[in-house]
Amino acid sequence: MSEIKIRFAEESDIHQIVDLCEAHAIYEECEYSKVNKDRQLLNDIFSDNPKLYCLVVEENQKLIGYATYMKQYSTWDACEYIYMDCLFMNENARGFGFGEKLVRRIQEEGRKLGCNLIQWQTPDFNVRAIKFYKRIGATSKEKERFFLKI
């Protein structure tokens, strides 16, 4: 692999980010529609008060991975924490340590935001990711995530 950059996303990355989101959804066996995702993500990531932060992994001006996160609040812990919504690397970019570098960068950015914990989830069939998360020192809780339409 050539030189790799981990950096915050830029507005010009939005179409590649949407493509990575679609690949991520397919990997997790979910449906995904690209309709209006670029416009909505542009607003949510790049507004004056962003809802979401996005880091990307770039190789030769092409994005090969991304991670998104946001600041949330835990009632039980009575403090803010970082919720990592997505972490995804293209198949040919896995196993080179870029995922760990993304997580470590989120830790660094989380400290700047006054947080001391990152939370996330992954499907139970994503054995490779679970092994990776445990290797970097993460622990898990047995829970199920539910969805209810409004």
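Predicted model, so just to flag it, every value in this text is computed and none were measured.

Counting its regular elements, the protein chain contains four helices and five strands. The order of helices and strands in the protein chain, counted from the N terminus, is β-α-α-β-β-β-α-β-α. Here the C-alpha coordinates of the protein chain stretch approximately 40 × 35 × 35 Å along the principal axes. By sequence separation, contacts in the protein chain at least 24 residues apart represent 60% of the contacts at least 6 residues apart. When the accessible area of the protein chain is evaluated, it comes to approximately 10,300 Å², of which 50% is carbon and sulfur surface. Charge centroids of the protein chain, computed over 22 positive and 24 negative side chains, lie 4 Å from each other.

Moving on: the pairing of strand E2 (residues 53–59). The element E2 is largely enclosed, with a buried count of six among its seven residues. The pairing of E2 with strand E3 (residues 62–74) spans seven bridges and is antiparallel. Within E3, the position partnered with Cys54 by the bridge is Thr68. As consecutive antiparallel partners, E2 and E3 are separated by two residues, and within that stretch Asn60 has a phi angle of approximately 50 degrees, a positive value.

As a further point, take the packing of aromatic side chains. Throughout the structure, instances matching the rule amount to five aromatic pairs. With centroids separated by 5.9 Å and ring planes inclined at 25 degrees, the aromatic side chains of Phe96 and Phe98 adopt a geometry described as stacked. Here a set of aromatic residues connected by ring pairs shows up, and it is made of Trp120, Phe132 and Tyr133. In this structure, Lys37 is placed above the aromatic ring of Tyr32, and the distance from its NZ or CZ to the ring centre is 5.0 Å. Looking at Arg94, its charged tip hangs above the ring of Tyr27, at a distance of 4.4 Å from the centre.

Right, let's talk about helix H2 (residues 37–46) for a bit. Among all positions in H2, only Leu41, Asp44 and Ile45 are buried. In an axial view of H2, the angular spread of the buried residues amounts to 90 degrees, which keeps them on one side of the axis.

Tracing the sequence through the fold places Asp13 in the loop between strand E1 (4–8) and helix H1 (14–27). Judged by relative accessible area, Asp13 falls into the buried class, the value being 4%. A polar atom in the side chain of Asp13 sits 2.8 Å from the backbone nitrogen of Glu10. Excluding its chain neighbours within four sequence positions, the residues that come into contact with Asp13 are Arg7, Val56 and Leu63.

Right, let's talk about the pairing of E3 for a bit. Pairing of E3 with strand E4 (residues 79–89) involves 10 bridges; the strand directions are antiparallel. Among the inter-strand pairings, Tyr66 is bridged to a residue of E4, identified as Phe88. The loop that links E3 with its antiparallel partner E4 comprises four residues; one of these, Ala78, has a positive phi angle of about 50 degrees.

Rules used in this analysis
- Residues numbered from 1 in each chain as written.
- Predicted model: local features only at pLDDT ≥ 70, side-chain atom pairs only at ≥ 80, totals over all residues.
- Heavy atoms only, no water.
- Helix = DSSP H or I, 4+ residues; strand = E, 2+ residues; numbered from the N terminus.
- Contact = heavy atoms within 4.5 Å.
- Areas by Shrake-Rupley, 256 points an atom, 1.4 Å probe, with all protein chains shown as cover.
- Lys, Arg positive; Asp, Glu negative; His and termini not counted.
- Charge placed at Lys NZ, Arg CZ, Asp CG, Glu CD.
- Buried < 20%, exposed > 50% of the residue type's maximum accessible area, 1.4 Å probe, protein only.
- Pairing = 2+ DSSP bridges.
- Phe/Tyr/Trp six-rings, centres within 6.5 Å; stacked < 30°, edge-to-face > 60°.
- Lys NZ or Arg CZ within 6 Å of the ring centre and 35° of its normal.
- Arc of directions from axis to C-beta.
- Polar contact = N/O pair within 3.5 Å; in protein donor to acceptor, adjacent residues only side chain to side chain.

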